[in-house]
Amino acid sequence: MGLQIQHLLGLEGVSAEDIKLILDTADTFYEVLQREIKVVPTLRGKTVVNLFYEDSTRTRISFELAEKRLSASPLNFSASTSSVKKGETLKDTIRNIEAMKIDMVVVRHGAAGVPYFLTQCTNAVIVNAGDGLHEHPTQALLDMMTIRQKLGKLRGFKVAIIGDIFHSRVARSNAWGMKTMGMDVVLCGPPTLLPQHTHSLGVPVTDNIDEALEGADVVMMLRMQLERQSSGVFPSIKEYRERYSLDLERVAKLKKDILVMHPGPINRGVELASTVADGNNSVVLDQVTNGVAVRMAVLYLLGGGESD
Ligand code: CP
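Description of the structure in this document.

Rules used throughout
- Every residue gets a number counted from 1 within its own chain, in the order that chain's sequence is written.
- Restriction of local features to residues with pLDDT of at least 70 applies here, the model being predicted, together with a cutoff of 80 or more for giving and counting side-chain atom pairs; totals for whole chains, interfaces and linings are based on all residues.
- Side-chain figures throughout are based on the complete set of non-hydrogen atoms in the structure, without hydrogens or water.
- Numbering of helices and strands runs from the N terminus, with a helix taken as a DSSP run of H or I at least four residues long and a strand as a DSSP run of E at least two residues long.
- Under the convention used throughout, the expected extent of a helix is 1.5 Å for every residue step, that is, one less than its residue count.
- Residue exposure (1.4 Å probe, protein chains only): buried if accessible area is under 20% of the type maximum, exposed if over 50%, otherwise partly exposed.
- By arc we mean the arc of the directions from the helix axis to the C-beta atoms, nothing more.
- Residues are treated as being in contact if the distance between any of their heavy atoms lies within 4.5 Å.
- Definition of a polar contact: a pair of N or O atoms within 3.5 Å, with one able to donate and the other able to accept a hydrogen when the atoms are protein atoms, and with sequence-neighbouring residues admitted only if both atoms are side-chain atoms.
- By the convention used here, strands pair only if DSSP detects at least 2 bridges between them.
- Helix axes are fitted to C-alpha atoms over the stretch in contact, other axes to C-alpha atoms as well, and angles between N-to-C directions run from 0 to 180 degrees.
- The term salt bridge refers to a pairing of a side-chain nitrogen on Lys or Arg with a carboxyl oxygen on Asp or Glu at a separation within 4 Å.

What follows covers helix α1 (residues 16-33). Taking 1.5 Å per residue, 18 residues should reach 26 Å; α1 reaches 25 Å between its end C-alpha atoms and fits that length. Buried within α1 we find D18, I19, I22, L23, T25, A26, F29, V32 and L33. Around the axis of α1, the buried residues are gathered within 170° of arc, so they sit on the same side. Against the buried residues of α1 lie α2 (58-69), α5 (137-151), α6 (169-180) and α11 (284-303).

Position of T206 relative to the elements: it lies in strand β7 (residues 205-206). For T206, a relative accessible area of 8% gives the class buried. Within the local environment of T206, its side chain forms a polar contact with the backbone nitrogen of N208, the two atoms lying 2.9 Å apart. When neighbours within four sequence positions are excluded, T206 is seen to be in contact with V186, L187, C188, G189, L194, E211 and A212.

What links the strands of a sheet is backbone hydrogen bonding, and the strands pair in either a parallel or an antiparallel sense. One open sheet accounts for four strands, arranged β2-β1-β3-β4; its pairing is parallel. On the outer flanks of this sheet lie β2 (73-78) and β4 (125-131), each paired with one strand and no other. Averaged over all neighbouring strand pairs, the angle between strand axes comes to 15°, with direction disregarded. The sheet contact formed by strand β1 (residues 47-52) and β2 spans six bridges and is parallel. Paired with L51 across the bridge in β2 is F77. Relative to β1, helix α3 (residues 90-98) is tilted by about 160°, and along the sheet it contacts β1, β2 and β3 (104-109).

As a further point, take the pattern of salt bridges. A complete count under the given rule lists ten salt bridges for this structure. Across the salt bridge formed by R60 and E64, the nearest N and O atoms sit 3.4 Å from each other. Here the residue R60 and the residue E64 both occupy positions in helix α2, the gap between them amounting to four residues, near one helical turn. For R60, a relative accessible area of 28% corresponds to the partly exposed category. A residue is classified by how much of its surface remains accessible, and E64, at 17% relative accessible area, is buried. As a salt-bridge pair, K150 and D286 come within 3.3 Å of each other at their nearest N and O atoms. One end of the pair, K150, is in helix α5; the other, D286, is in helix α11, with 136 residues separating them in the sequence. One connected set of salt bridges, linked through shared partners, spans K20, D24, D27 and R148.

Next comes the structure, spelled out in structure tokens:
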């Protein structure tokens with residue numbers, strides 16, 4: 001049985017069966033990635049366009065690597081060096097690229113809903129690599145893969161997601177996905193970064209970090225997205241750090257084996273102290289490693305690859 005979804009636009013509404021199938025397939029690809037020869041022929045002949053309208057390090061490189069590991073042909077499009085600069089619309093851009101016979105599109109864009117829009121103007125399979133403040137589904141999948149790898153399962157474990165909830169597509173995708181997988185999720189941040197619509201995610205929301213961290217098995221610190229903020233969201237970095245950052249003193253009060261996660265890039269010394277980011281509880285680089293396997297799984301399952 002394959003996936004019920006045809007595109008990966010977000011984790012809202014994606015079934016537990018589909019998420020489990022992606023994570024199980026990612027575990028298989030993780031094993032492949034430990035071998036000397038890390039390439040499988042499953043997507044040979046398929047062309048995947050990485051359509052990036054926003055900056056990225058982890059997501060863009062891991063998608064490209066995943067495509068190469070699956071023997072697909074990746075094409076990298078960066079809006080900043082394209083005819084978007086001459087005013088070409090998104091619709092014209094994708095229709096011109098599709099005219100060159102491509103199979104899949106991985107898209108990152110600053111506007112929420114762009115991946116869905118692309119499904120309306122192309123026949124290619126669409127994978128969301130982050131759309132505005134909406135979702136970042138492959139990030140949440142790699143986060144869940146990492147937790148399952150470390151804790152053995154997802155159901156019943158408590159995850160505290162802390163920081164700039166307002167601007168975080170990572171928080172939204174994780175809230176949807178983790179809730180579906182039976183995890184106990186709590187969102188925490190300063191009141192000005194907890195918009196009213198956060199409550200529609202159906203998970204508890206608090207501005208009290210101690211309450212959020214009570215009994216947590218996993219803490220996910222979010223990047224303070226200063227580039228998306230207008231002034232006045234919080235008084236100062238110093239005050240934010242005092243109330244909401246994770247340092248060794250705070251970690252010492254938590255479960256001894258708590259997993260510390262961060263989607264990256266980290267603002268060291270703002271939301272996360274370097275001593276914690278590089279400390280024994282940190283699984284930040286495991287998340288990055290697992291990103292390749294998860295993206296291989298998503299591309300393989302949506303791309304109709306044959307098993308070898
Ligand atoms: N986590 C994440 O999306 O990182 P990049 O912005 O570097 O892709």
